[in-house]
Each structure stands twice: as structure tokens, then as C-alpha cells.
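Structural description and commentary
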Amino acid sequence: MICSCERLDLLYFKITTMAFKLLTSVKDGFLQLLFPIRCVVCERETENPPSSKLRRARKNKLICSDCLKNLTPSLNFYCLLCEAKSVDAGMCYSCKTIAGENGSFKIDKLIYPFSYREPAIQKIVKAFKYSFIKELTEPIGKLMINYLNKIGGEFSFNDYLIIPVPLHKRKYNWRGYNQSELVAQKISKYLNIGLAKNYLIKEKSTRDQVELKKDERLKNLDGAFKCSGSESISGRKILLVDDVYTTGTTMNECARVLKEAGAKEVIGLAIARG
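Parameters at a glance
- Residues numbered from 1 in each chain as written.
- Predicted model: local features only at pLDDT ≥ 70, side-chain atom pairs only at ≥ 80, totals over all residues.
- Heavy atoms only, no water.
- Helix = DSSP H or I, 4+ residues; strand = E, 2+ residues; numbered from the N terminus.
- Contact = heavy atoms within 4.5 Å.
- Areas by Shrake-Rupley, 256 points an atom, 1.4 Å probe, with all protein chains shown as cover.
- Disulfide = S-S within 2.5 Å.
- Salt bridge = Lys/Arg side-chain N within 4 Å of Asp/Glu carboxyl O.
- Buried < 20%, exposed > 50% of the residue type's maximum accessible area, 1.4 Å probe, protein only.
- Phe/Tyr/Trp six-rings, centres within 6.5 Å; stacked < 30°, edge-to-face > 60°.
- pLDDT = per-residue confidence, 0-100.
- Expected span 1.5 Å × (residues − 1).

Observations regarding the overall build of the chain
When its secondary structure is counted, the chain shows eleven helices and nine strands. Considering only contacts within the chain whose residues lie at least 6 apart along the sequence, 69% involve residues at least 24 apart. Carbon together with sulfur atoms contributes 54% to the accessible area of the chain, which is approximately 15500 Å² in total.

Side note on the state of the cysteines
Under the counting rule described, the total for this entry stands at zero disulfides. We note that Cys 82 lacks a disulfide partner, and the nearest cysteine sulfur, in Cys 92, lies 3.6 Å from it.

Notes on the environment of Asn 220
By the secondary structure assignment, Asn 220 is in helix H9 (residues 214-220). Sequence spacing of Asn 220 and Thr 250 is 30 residues, and the spatial spacing of their C-alpha atoms is 9.7 Å.

As for the pattern of salt bridges
The final tally for this structure, using the stated rule, is eleven salt bridges. In this structure, Asp 108 and Lys 259 form a salt bridge, with 2.9 Å as the shortest nitrogen-oxygen distance. Taken together, the positions of Asp 108 in the loop between helix H4 (93-99) and strand S3 (109-111) and Lys 259 in helix H11 (residues 249-260) put the pair 151 residues apart, joining distant regions of the chain. The class for Lys 259 is partly exposed, based on a relative accessible area of 25%. Linking Lys 129 and Asp 243 is a salt bridge whose minimum nitrogen-to-oxygen distance equals 3.3 Å. Here the residue Lys 129 occupies a position in helix H5 (residues 119-130), and Asp 243 occupies one in strand S8 (residues 237-245), the gap between them amounting to 114 residues. For Lys 129, a relative accessible area of 15% corresponds to the buried category. Accessibility expressed as a relative area gives 5% for Asp 243, which makes it buried. Within this structure, Glu 83, Arg 117 and Arg 273 form a network of salt bridges that share partners.

Points about unusual backbone geometry
One non-glycine residue with positive phi stands out, namely Glu 43, at about 65 degrees. Structurally, Glu 43 is set in the loop between helix H1 (4-34) and helix H2 (54-60). Glu 43 gets classed as exposed once you look at its relative accessible area, which sits at 53%. With a phi angle near 60 degrees, Asn 192 is a residue other than glycine that sits in the positive phi range.

A few points about the packing of aromatic side chains
By the definition in use, this model includes five aromatic pairs. Ring centres 5.4 Å apart and planes at 90 degrees place the aromatic pair Phe 77 and Phe 155 in the edge-to-face group. Linking Phe 77 in strand S1 (residues 77-78) with Phe 155 in the loop between helix H6 (137-150) and strand S5 (160-164), this pair joins segments that are 78 residues apart in sequence. Assigned by exposure class, Phe 77 and Phe 155 land together as buried. Taken together, a centroid distance of 5.2 Å and an interplanar angle of 80 degrees make the contact between Phe 157 and Tyr 160 edge-to-face. Take Phe 157 and Tyr 160: they sit in the same class, and that class is buried. Three or more aromatic residues joined by ring pairs make a cluster, and in this case those are Phe 77, Phe 155, Phe 157 and Tyr 160.

Things to note about the confidence of the model for the chain
A low pLDDT means the predicted coordinates there should not be read in detail. Across the chain, the average pLDDT comes to 85, with 79% of residues at or above 70. Below pLDDT 50 for its whole length, residues 26-31 participates in seven contacts with residues either more than four positions away or in separate chains. This stretch, residues 50-55, has a pLDDT under 50; its non-local contacts, to residues over four places away or in other chains, come to nine contacts.

A word on H11
Compared with the 16 Å implied by 1.5 Å per residue over twelve residues, the 16 Å span of H11 between its first and last C-alpha is a close match. Of all the positions in H11, only Thr 249, Thr 250, Met 251, Asn 252, Glu 253, Cys 254, Ala 255, Val 257 and Leu 258 are classed as buried.

Put into C-alpha cells, the structure is as follows:
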């Protein structure tokens, strides 16, 4: 039998719980009113979710349903250099003859679902990188997983190790996160393969590659990366994750460092190709 003191305690607990839920609901309502969720692509305000699901919904509604429907991944593979169609996502015969002879290109294959020439993809990636919208990890991760699921018959990554292209600590501290690492975490969980985020380190601060010409990009990245996990990388196949592949300079430099550390193969995976 419950005594009167226990009943009072139970009543107090119920009242405080209800009050907390009410305050949370009011706070979330103000948050939605002051900062409505807008699609980063079309900039339209997305639907107003119930306050109890607001935080989760804010992540899922950063790209509206209409814009998501228009983001159809390409299931074709293209040459790493000239963008001619490729059967296996490696270099075409002509580029392999020219670039393969001197061994200057270290990425074995490149896969990506989108073109950075698409305005919608540009907006998403720029918001992710430069507008500090970390929550875009959720919809971008889903898009990448959808792509990998669709090309699953062509690639198996069971024995691969996933490594994100690193940021210099100065840029990491400025942004607060490494966008490539966040996407790599989602992919690692989906593929159920190991994620090594500290094996590849960027020890030299560099200018943004997008600002530079092709020859300047090579000089900019000279000596920028180093490998700190050679013993764990030796003989391994690597899935190297970055946000955008433009000329391939960054990924190629990372692949060179990984192969010098003993990596057997390096496949590049990007959100988009510029």
C-alpha cells in the first residue's frame, strides 16, 4: 500500500515531467518560428513537424522531398582523367597509356553519384562545407548509401578500410568538423567496414584547391599529407572518401602517400565530380 508521502512524490514527479514537456514544446515552437526549416536547395520552408520530433525532423528536412526526388545518382562509371565512359571506374585505355606509364596517377578507380555541375549539388556541398550546416550529414549520408546500394553488384568493399581525406587542424578547428569524415562514418556503418580517421594526416595548411590553377594545385599540396599508420595500411585495400573530385590532385596525393605506406589499392569515393 502506498503511503501519502509516496503519493505526493509520485504526483510531484508527474507534474514536473508534464511541466518540462510543456516548456520543451514551447521552446521548440519558438525555435521553429524564429528559425524555420528551409531546404538548402530551393530555399522553401519545409513542413512544420510536431515539436516532439523537431530535432530529428530538422536534420531530415534540410533537403525537401521534391529536391531529393530530383537528385538521381548516375550509375555510370567514367575515366579518372578524361571522363570518357569506363567499364570498371578506372582509367580508359588512352589515359592509362599516357598517365599510367610514368606512374604519376595513384588512384586505381573513382566512383561518385553526382556531378558538381548540377546547381542543386553545388548548393548542398557548399552549405555543408562553408555554411557550417553539419546536420546535412544525415541526408548526404542517405544519398551516398542509396548510391552504394545501387552499384553493389559492381563493387564489394568487404575487405576494404575506409579513410576520409583529412583537414589540417587549423581548418578543422575553424569549421568544427571534417565533412569527409562525417560522410565516411555513415558509409563505414552501412558497409560494416573499418574506419581509420587518424591514419592519414594533413600536416601542412594549404590554400583551397578551388582557388588555384592545375600546376599551382600540385605545388600547394606538396608534402601536405603523411601516413601515421603504415603497419595497419600495408597490404590493405583503401576506400578514400572526399566531398568533391575536381582535377583529382588532392585524392591522388593522398593515394600516393597511402601507397608509399604499402596500400595495395585505393578507390576514390566522392559525393560529386567537378
